[in-house]
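Remarks on the overall topology
Chain by chain, the residues:
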Amino acid sequence: MKGNEALAEGAVIAGCRYFFGYPITPQSEVAEYLARRLPQVGGVFLQAESELAAINMVYGGAATGARVMTGSSGPGLSLKQEGISFIAEAELPCVIANISRGGPGLGGIQPAQSDYMQACKGGGHGDYHLVVLAPSSVQEMMDFAIEAFDLADRYRTPVLIMSEGMLGQMMEPVEVRDFVTPAYEKPWAVTGCAGRKPNIVNTLHLPPDELEARNHVLAAKYARLQAEQKRAELFMTEEAELIVVAYGLLSRVAKKAVADLRAQGLRVGLVRPITLWPFPDTFLEACMPAARAFMSIEISMGQMVEDVRLAVNGRAPVDFFGRIGVVPSPREVRDAIEDVAKRRGLA
Amino acid sequence: MKKVLAMPQSLTGARWHYCPGCGHGIIHRLVAESMDELGIRERTIGICPVGCAVLAYDYFNCDMLEAAHGRAPAVATGIKRILGDRVVFTYQGDGDLASIGMGEIVHAASRGEKITVFFVNNTVYGMTGGQMAPTTLLGQVTTTSPFGRDKDREGYPMKVAELLSTLEGAAYVTRVAINTPANAARAKKAIKRAFEVQMAGTGFSLVEILSTCPTNWGLGPVEAMKWLEEKMIPYYPLGDYKVKEAQ
């Protein structure tokens, strides 16, 4: 299956029956797949007139309590930020996929991880966060899509799936797992007020104390997410002196490079963040006793590296290697890691 | 003693935040009375705009959602496509609908979304303090057209009902006013009919309602009603612009 199709089918497996989207490369297969698939399962696919309309259809759809989704890529996500801010404040569960491309501006459709800041540091206005999941395989595109709907409902939050365009376009075998959608009560949904008091979905809080109280409610949820949902994959981190941090498709390249270097005797390990937000800093912390240096490898000019630095908090040097528009080869990554190891006196 | 008039059930009874003489109170009541008479309060979902009616969720006694500026038709679309048997309406002002939200309203109408839109045209951005709206009349002075709207500088006022009536998906598009009791009665008929068009599944329905903003027009409530009649109605003629029969 193609990564984009696996993601789309994962949404269907999770019980998502409504998709509102706008065409953009390299995301379009998500929409195309669901345009065929959703009517088969009694759902609705609607091509919106704009990215703005699409995210606001999701806002309305999520407010009914249904599982709804939208997808886009970099420039489209920029347009969606207003709506995402509203959805986060209104605490409406939904799933958003960013099958990302290179920027800034129109950028290009080649591989990039340069929307990390947009995804993890707000993007839209106000104090909010999204849960951000970064799959690294086509299998995870499907699995994380399923998981995303569950997280969205459990925490009443929009969940963003961050995938490089290349992963969306890649084909790999996928094992389709059995999945039973857990039922979530949604007493807050706007469905018509028969037999109850009217529900109001609202993000306006004019009295300052009310606004502050709302922000505290959101902050408490984000604290809970940070306590409960930091996820990372550890690879050869035992007694590693140099920790490489890489996510998504690139983490697979980094894994190969790390394995090769370990075979050569260099004590290097890999931490692969699965949740980009909440950032799995605790996993880096756990490597600290042995780790004397860290290195972030990204398909960007250096975005996640800031979170690695925050996690390390000055206790070890943090280096960076990045490319844009290409996935660096294992050899290139291996050379970059070796350079850092030498520079930091570890090889 | 016989009770001949009461607060509609579809209003909460909360005290208006609207200025004295503002048309929103009348229009809210007409919408609420229509909901009562059609018996749809418990299956209606309303969408508030950004603008003076942003707080309409405090007044309508049904499920309500507050949307971003101009996006109410998209939000309504999301709800209606999922809950097809509910009644979904948006309540939008001229800045919200005809400026920042022009894309959303045109496409919702074009798709024939089975939603009802109450479009309140009072020729200004009310909540932000009386700036020029797309519907501001030529020559009209606002805080951002201090020399009066000039066709060469600010362009012409937008005729929304006429524009949307050209779209195939629009089933019922009409323009009414609330400046006299007779016009308010006609407005209510149109509001009710717009709901009925939605319930019959005929397509998109919109009622453009000419209203007043005494505060930002710098007029008393009575003078404002007079200004509506003398200045607005000639440029924005009342009447039905599109009436599609149910199939």
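Residues numbered from 1 in each chain as written. Chains lettered and ligands numbered in written order. Predicted model: local features only at pLDDT ≥ 70, side-chain atom pairs only at ≥ 80, totals over all residues.

Of the regular secondary structure elements, chain B holds 8 helices and 9 strands. Radius of gyration (C-alpha) of chain B: 17 Å, near the 18 Å computed for a compact globule of 247 residues. In terms of overall dimensions, chain B has C-alpha extents of about 50 × 50 × 30 Å along its principal axes. Residue burial in chain B is summarised as follows: out of 247 residues, 56% are buried. (Helix = DSSP H or I, 4+ residues; strand = E, 2+ residues; numbered from the N terminus. Rg over C-alpha atoms; globule rule 2.2 N^0.38 Å. Buried ≥ 20, exposed ≤ 12 C-beta atoms within 10 Å, placed from the backbone.)

On to the nonpolar core, then. Residues and elements named next belong to chain A. Val95 and Val244 are the most contacted members of the largest nonpolar core, which totals 194 residues. Counting residues domain by domain, this core receives three or more from each of domain 1 (3–182 + 203–228) and domain 2 (232–343). Residue contacts for Val95: discarding those within four places in its chain leaves Ala11, Met69, Ala145, Ala148, Phe149, Ala152, Val159 and Ile161. (Core = buried A, V, L, I, M, F, W, Y, C linked by C-beta atoms within 7 Å. Domains from an automatic or database assignment. Contact = placed C-beta atoms within 7 Å.)

Residues and elements named next belong to chain A. Neither face of strand 9 (residues 242–245) is left uncovered, since the one carrying Leu242 and Val244 and the one carrying Ile243 and Val245 both have all their residues buried. Pairing of strand 9 with strand 10 (residues 268–273) involves 4 bridges; the strand directions are parallel. From the neighbouring strand, Val245 faces strand 10, where its bridge partner is Val271. For the crossover from strand 9 across helix 9 (residues 249–263) to strand 10, the handedness is right-handed. With 4 bridges joining them, strand 9 and strand 12 (residues 293–298) adopt parallel strand pairing. Residue pairing across strands places Leu242 opposite Ala293, the latter belonging to strand 12. (Pairing = 2+ DSSP bridges. Right-handed = clockwise from strand over helix to strand, strands pointing away.)

Residue and element names in this part refer to chain A. As summarised here, the arrangement of the 7 strands in space is 2-1-3-4-6-5-11, forming an open sheet in which the pairing is mixed. Since the sheet does not close on itself, it has two edges, and those belong to strand 2 (44–47) and strand 11 (275–277), each with one partner. Going from strand to strand, the sheet's axes swing by 20° on average, the running direction of each strand aside. Together, strand 1 (18–21), strand 2, strand 3 (68–72) and strand 4 (94–100) form the strand contacts of helix 2 (residues 28–40), whose direction differs from that of strand 2 by roughly 140°. Here helix 3 (residues 51–63) sits on the sheet in contact with strand 1, strand 2, strand 3 and strand 4, set at roughly 160° to strand 3. (Axes fitted to C-alpha atoms, helices over the stretch in contact; angles between N-to-C directions.)

It is worth spelling out the pairing of strand 2 of chain A at this point. Inspection of the sheet shows strand 1 of chain A paired to strand 2 of chain A by 4 bridges, in the parallel sense. Paired with Gly21 of chain A across the bridge in strand 2 of chain A is Gln47 of chain A.

To continue, consider the interface of chain B and chain A. Contacts between the two partners involve 28 residues from chain B, matched on the other side by 33 residues from chain A. Of all the secondary-structure elements, those providing two or more residues to the side of chain B that touches chain A are strand 1 (44–48), strand 2 (63–66), helix 2 (72–82) and helix 4 (102–111) of chain B. Ranked by residue count, the leading element in the side of chain B that touches chain A is helix 2 of chain B, at 8 residues. Taken together, the residues that form the side of chain B that touches chain A break down as 14 nonpolar, 6 polar and 8 charged. As paired elements, strand 7 (residues 200–201) of chain A and strand 2 of chain B share 2 bridges and run parallel to each other. Residue pairing across strands places Val201 of chain A opposite Leu65 of chain B, the latter belonging to strand 2 of chain B. (Nonpolar A, V, L, I, M, F, W, Y, C, P; charged D, E, K, R; others polar.)

To continue, consider helix 11 (residues 305–312) of chain A. All names here are of chain A. Within helix 11, burial applies to Val305, Asp307, Val308, Ala311 and Val312. Taken end-on, helix 11 shows its buried residues confined to a sector of 160°, consistent with a single buried face. Residues of helix 11 that are buried make contact with strand 9, helix 10 (281–287), strand 12 and strand 13 (318–322). Directly after helix 11, the chain includes Asn313, whose backbone phi takes a positive value near 55°. (Arc of directions from axis to C-beta.)

Residues and elements named next belong to chain A. Here chain A is partitioned into domain 1 (3–182 + 203–228) and domain 2 (232–343). For the side of domain 1 that touches domain 2, the elements supplying multiple residues, two or more each, are helix 5 (116–120), strand 5 (131–133), strand 6 (158–164), helix 7 (165–169) and helix 8 (208–228). When residues in the side of domain 1 that touches domain 2 are grouped by element, the largest group, 4 residues, is from helix 5. Taken together, the residues of the side of domain 1 that touches domain 2 break down into 15 nonpolar, 9 polar and 1 charged.

With that settled, the discussion passes to the packing of helix 1 (residues 3–13) of chain A against helix 6 (residues 138–155) of chain A. All names here are of chain A. Their axes nearest at 7 Å, the elements helix 1 and helix 6 cross at an angle of 25°. Here helix 1 lies roughly parallel to helix 6, going by the angle between them. Here helix 1 runs over helix 6; the crossing is right-handed. Where helix 1 abuts helix 6, its residues Gly3, Ala6, Leu7, Glu9, Gly10, Ala11 and Ile13 lie against Val138, Met141, Met142, Asp143, Ala145 and Ile146. Of the residues that constitute the contact of helix 1 with helix 6, the class distribution is 9 nonpolar, 2 polar and 2 charged. (Parallel < 35°, antiparallel > 145°, perpendicular 65-115°, else oblique. Left-handed = near helix turned anticlockwise from the far one by under 90°.)

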